[in-house]
Amino acid sequence: MKKRLLFLAAVATLSLGLCGCESREEKEQREKYEQYQENLEQIQESMDNMEENHEYLESILGNTTESSSDESDEAVDGSVNTVPAERGQVVDGVFTNEVFKLSFPVEDSWYVCNDQEIAQILGITSTSLENNEDLTPEMFEEITSGTIYDVIFYFDDMQSNVNIGYINMENIGPYASLPDTDYAELTKNQLESMSATQYTISDIMTETYGGKEWAGFEASTDKGFDQKMVMRKENGYMIVITATYFPEDADMAQAFFDSFIEIQ
């Protein structure tokens, strides 16, 4: 699958340099590649939303009083990372991250982005990537001020996609003590305040996937795509999973969440 994608990219680049003299097959390949680039931009926007929400929480920390901070000290201490963060792996068709208690089957028809492609989406340049090394959790946290992007993948339509990230709760002070539902509400408010994309978002809900309770919401946009975002705390991080899909593919996205495997 990776070779096929790179092949399409190479063909598209070549055909664009031929002054519009392209066959129908070349045109179809170019259009597929252009769709792929649009998908990258869509994922980037979703990630930007996560970063903006993180920055939003930090910006309102100054509005908290010293007493409220003292009252939440015990809860904040409870959010401190108890296990070093790790990124998950796909083994025998199953993605698993033991640290964050997250696991689900990965279909052969899905396209899982490699670290070079994730770096492209995020606009990351790194000597380590030039040496074909993996992006470590430490590298992600340094680059993004506390957010680890674990995995990004496309469903078999090569348009609908999922990104999974972990936000270090140590960076948001007293707000680390918020229940998952309150954090989801803050995220919802941030998305609804955006001007580039108009969101219509459901009420906050709690659902159980893989034996864990998640807070989240569903959203439609004026861009023609829908999203479902779920989140929960684990080992000092907020896990945030965002599925982006067209309305007719909602069942496919829901099947992904329903497939989560319980990890004790």
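Summary of the structure given here. (Residues numbered from 1 in each chain as written. Predicted model: local features only at pLDDT ≥ 70, side-chain atom pairs only at ≥ 80, totals over all residues. Heavy atoms only, no water.)

Glancing now at the overall build of the chain. Helix and strand content of the chain: nine helices and 11 strands. Per-residue burial for the chain yields a buried fraction of 48% across its 264 residues. Put simply, of all contacts in the chain between residues at least 6 apart along the chain, 59% involve residues at least 24 apart. Carbon and sulfur atoms make up 47% of the accessible area of the chain, which totals about 13,000 Å². (Helix = DSSP H or I, 4+ residues; strand = E, 2+ residues; numbered from the N terminus. Buried < 20%, exposed > 50% of the residue type's maximum accessible area, 1.4 Å probe, protein only. Contact = heavy atoms within 4.5 Å. Areas by Shrake-Rupley, 256 points an atom, 1.4 Å probe, with all protein chains shown as cover.)

This part is about the layout of surface pockets. Its volume calculated, the largest pocket comes out at about 440 Å³. Along the walls of the largest pocket sit 22 residues, with Arg 87, Gly 88, Gln 89, Val 90 and Val 112 positioned nearest its centre. Contributions of two or more residues to the lining of the largest pocket are made by strand S1 (89-91), helix H5 (115-122) and strand S5 (147-154). For the lining of the largest pocket, the per-class residue count stands at 10 nonpolar, five polar and seven charged. (1 Å grid on protein atoms, 1.4 Å probe; cavity = no way out; pocket = protein on both sides within 12 Å on 5 of 7 lines; lining within 4 Å. Points joined across faces, edges and corners; volume = space filled by probe spheres on them. Nonpolar A, V, L, I, M, F, W, Y, C, P; charged D, E, K, R; others polar.)

Here we take up the nonpolar core. One broad rule of soluble globular proteins: the nonpolar side chains tend to lie buried together. Leu 102, Phe 104, Tyr 166, Ile 241, Phe 256 and Phe 260 are the most contacted members of the largest nonpolar core, which totals 41 residues. Contributing elements (two or more residues each) for this core: strand S3 (102-105), H5, helix H7 (137-144), S5, strand S6 (161-168), strand S11 (237-245) and helix H9 (250-258). Broken down by element, the residue count for this core peaks at six residues, all from S5. Residues within four places of Leu 102 in sequence aside, it is in contact with Phe 95, Thr 96, Asn 97, Ile 164, Tyr 166, Trp 214, Arg 232, Ile 241, Phe 260 and Ile 263. (Core = buried A, V, L, I, M, F, W, Y, C linked by side-chain atoms within 4.5 Å.)

As for its placement among the helices and strands, Asn 235 is situated in the loop between strand S10 (226-234) and S11. Residue Asn 235 is classed as buried on the basis of its relative accessible area of 19%. Counting along the chain gives 150 residues from Asn 235 to Ala 85, while the straight-line C-alpha distance between them is 8.3 Å. Beyond its immediate sequence surroundings of up to four residues, Asn 235 is in contact with Asn 81, Thr 82, Val 83 and Val 99. Side-chain polar atoms of Asn 235 contact the backbone oxygen of Val 99, separated by 2.7 Å. (Polar contact = N/O pair within 3.5 Å; in protein donor to acceptor, adjacent residues only side chain to side chain.)

This part takes up the pairing of strand S9 (residues 212-221). When strand S7 (residues 199-201) meets S9, the two strands line up antiparallel, connected through three bridges. Note that in S9 the partner of Thr 200 across the bridge is Ser 220. Pairing analysis gives five bridges linking strand S8 (residues 205-209) to S9, with the strands arranged antiparallel. Residue pairing for S9: Thr 206 is matched across the bridge by Ala 215. Where S8 hands over to S9, the hairpin turn is made up of two residues, of which Gly 210 adopts a positive phi near 60°. Note that S9 and S10 share six bridges and pair antiparallel. Bridged to Gly 216 within S10 is Val 230. (Pairing = 2+ DSSP bridges.)

Take Glu 234: it is sitting in strand S10. By relative accessible area, which is 15% here, Glu 234 ends up buried. Those residues within four positions of Glu 234 in sequence are excluded, and the remaining contacts are Val 99, Phe 100, Lys 101, Lys 212 and Ile 239.

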